[in-house]
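Observations on the three-dimensional arrangement
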Amino acid sequence: MSWGSELWDQYENLSLHTQKGIDFLEKYGHFIRDRCAIEVEYASKLRRLVKNYQPKKREEEDYQYSPCKAFKTVMGEITDLAGQHELIAENLQTDVIREIHMLVKDFKEERKKHLQDGARMMQSLAGQIASLDRAKKNYEKAYKDAEKALESFQKADADLNLSRAEVEKQRMSMMTKNQHCEVTKNEYANQLQRTNELQSQHYRHLMPEVFRQLQELDEKRIRNIRNFMTHSADVERKVFPIMEQCLDGIVKAASQINEKEDTLLVIERYKSGFPPPGDIPFDDLSRNGDAVHITQPLTIPGLHKADTLTIKGTMGAGRLKKRGLIFNIFNSNKLLEACNSFKNNLSSSGDNKDDFSDLPPNQRRKRLQQKIDEIQNKIQQETAARDGLMKMKGVYEQNPALGDPMSIEGQLNESGHKLDKLRLELQKYQGFLEDGNITNDGNSPANLRRQNSTVNNVNGLQNNYQNNGGGSGGEEESLSRSASDSSVSNSNHQNHNKSLSHLPIHGFSNSPESGLGTSHTSLPDSEYYDLPPLGTCKALYPFEATSEGSIPMYDGEELYIIELDQGDGWTRVRRLNDSEEGFVPTSYIECSVYNS
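**Quick notes on the pattern of salt bridges**
Going through the model one piece at a time under the given rule, you end up with 20 salt bridges. Close ionic contact of Glu41 with Lys45 constitutes a salt bridge, the shortest N to O distance being 3.4 Å. Of this pair, Glu41 and Lys45 both sit in helix H2 (residues 11–52), four residues apart, which is roughly one turn of the helix. Exposure remark for Glu41: the relative accessible area of 42% places this residue in the partly exposed category. The salt bridge partner of Arg572 is Glu581, with a shortest N-O separation of 3.4 Å. A relative accessible area of 11% means that Glu581 is categorised as buried. Several salt bridges share partner residues, and in doing so they unite Arg35, Glu39 and Glu236 into one network.

So this is what it looks like as structure tokens:
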């Protein structure tokens, strides 16, 4: 079925129909455009929803539980779903809306061209028909004039009263009219032939071709609408697997919720580490009627800080501080009493907030471990930065055109100071952590070591006092202070060496600047002056001494080696021209040891 043969006389209707078809295609394009806007808006709202429900900084600690972790995973999957909706909108925009826009433009231009061709053909046919009408009218008029001329001639020829000249005149007029009638007749016949030919060509070939092209245009429009609808569905279907994966991820996240693990996490998070309170003893006031009893307030563990918990007959952390001058007692009996009390009430305390002493033991260990991990990460970063500076300095030394090696020296010194501070801070918190590792009997390893050392000193103090039969108040005071100082010194030294045992040996670790040297720093300096040099060394880089125990040196300076590196990253040296000695970084010198 063809429009050209079936709708040969429906030019106007076909023109209107094709226009409506193109308008429908454009309307469908607007529909897809609005659909894209909805997809983008939906994705934007999903992202905003996820953003609004992201955990705040103060809530991060709560997100260690499995439901919170699962919810965080769900929000990530929702974000991926939002991305898929944005992908739908993008593909529809690229593959459908743009194509529709181009097709609408092409269809309008092509339809206009075809309609203009059809209008021109119809105008040509109409002009030919008008010419035929004019030729026919001329022929009809000439035919009537010829008939009148013939009648006039016949009347004149029959009238005997007219002269021969008048009759001849009528005959000539008749012949002229007949000739003109024949001419118009021939013209009419020719116009009729041309009109019939043009009309036949117009309705059988020309206009059917125009209608055929319009038909193809309309069919192409319909076919493209079908393809666009199919492609729109395919665009959405392609993201279904990814959306399904997102939904599977949500289900997987939900399946990882574990109520038992969360219960253990709650215990780990809120466990104080305090033992449950024992039975409250009965205080029989009738046994000591003359004694004055001071009833201490009962405290409930978990409702107050650890340093506020006291037990009758013991000395709490806060009260120990108030009795800091307990050994300033000049009575011998009180001294013995103080020694016994000191053995039974050894507890390290302080109001330094850095040690998190205001927290329960379990929470304190967690906070200290977090702080240690944070400092170790900073040490790793600073060490990597220092290694980079050393490599850069080596490159500059090999090729001075790239830069001045001395320009890196200041940064190296600053990096070394930062590492010193970080390692000292790490040592401090490791000491806090060691003190905080409470054993089952309530004592930490550091406290036990400190306690044993102090008890031994106090026992010796007691024995010495008893053997000597007492002493003056000044002797008692000095002995007391000696015992106290010895215990603190021993415990600090033990904690100090243990905390440094795991530090990386690089640059400024265990530096004498920070008081961490362990080789012979406890010996008097006079003993080093008598030691013969073990060799010589040459300074590769300048070094600035920042604290006691180290000496400065300039680039290229030669020094005597008094003591080799004991594994702490430092070498003891002596100047060639004087007796000044001190430690310098081993990585800063080139050593040449004498052959034994």
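**Regarding the side chain of Gln84**
Note on placement: Gln84 falls in helix H3 (residues 66–158). Of the residues examined, Gln84 reaches a relative accessible area of 12% and is grouped as buried. Beyond its immediate stretch of four places on either side in the chain, Gln84 contacts Val239, Ile242 and Met243.

**Focus: the pairing of strand S1 (residues 535–539)**
Of the two faces of S1, the one holding Gly535, Cys537 and Ala539 is buried and the one holding Thr536 and Lys538 is not buried anywhere. Pairing geometry for S1 and strand S5 (residues 589–593), over five bridges, is antiparallel. Note that in S5 the partner of Gly535 across the bridge is Val593.

**Quick word on the sheet that holds S1**
As summarised here, the arrangement of the five strands in space is S4-S3-S2-S1-S5, forming an open sheet in which the pairing is antiparallel. Of all the strands in the sheet, just strand S4 (581–585) and S5 have a single pairing partner and so form its edges. Averaged over all pairs of adjacent strands, the angle between strand axes in this sheet comes to 40°, irrespective of strand direction. Of the pairings in the sheet, the one linking S1 to strand S2 (residues 558–563) comprises four bridges and is antiparallel in character. Residue pairing across strands places Thr536 opposite Tyr560, the latter belonging to S2.

Cut-off values and rules
- Residues numbered from 1 in each chain as written.
- Predicted model: local features only at pLDDT ≥ 70, side-chain atom pairs only at ≥ 80, totals over all residues.
- Heavy atoms only, no water.
- Salt bridge = Lys/Arg side-chain N within 4 Å of Asp/Glu carboxyl O.
- Helix = DSSP H or I, 4+ residues; strand = E, 2+ residues; numbered from the N terminus.
- Buried < 20%, exposed > 50% of the residue type's maximum accessible area, 1.4 Å probe, protein only.
- Contact = heavy atoms within 4.5 Å.
- Pairing = 2+ DSSP bridges.
- Axes fitted to C-alpha atoms, helices over the stretch in contact; angles between N-to-C directions.

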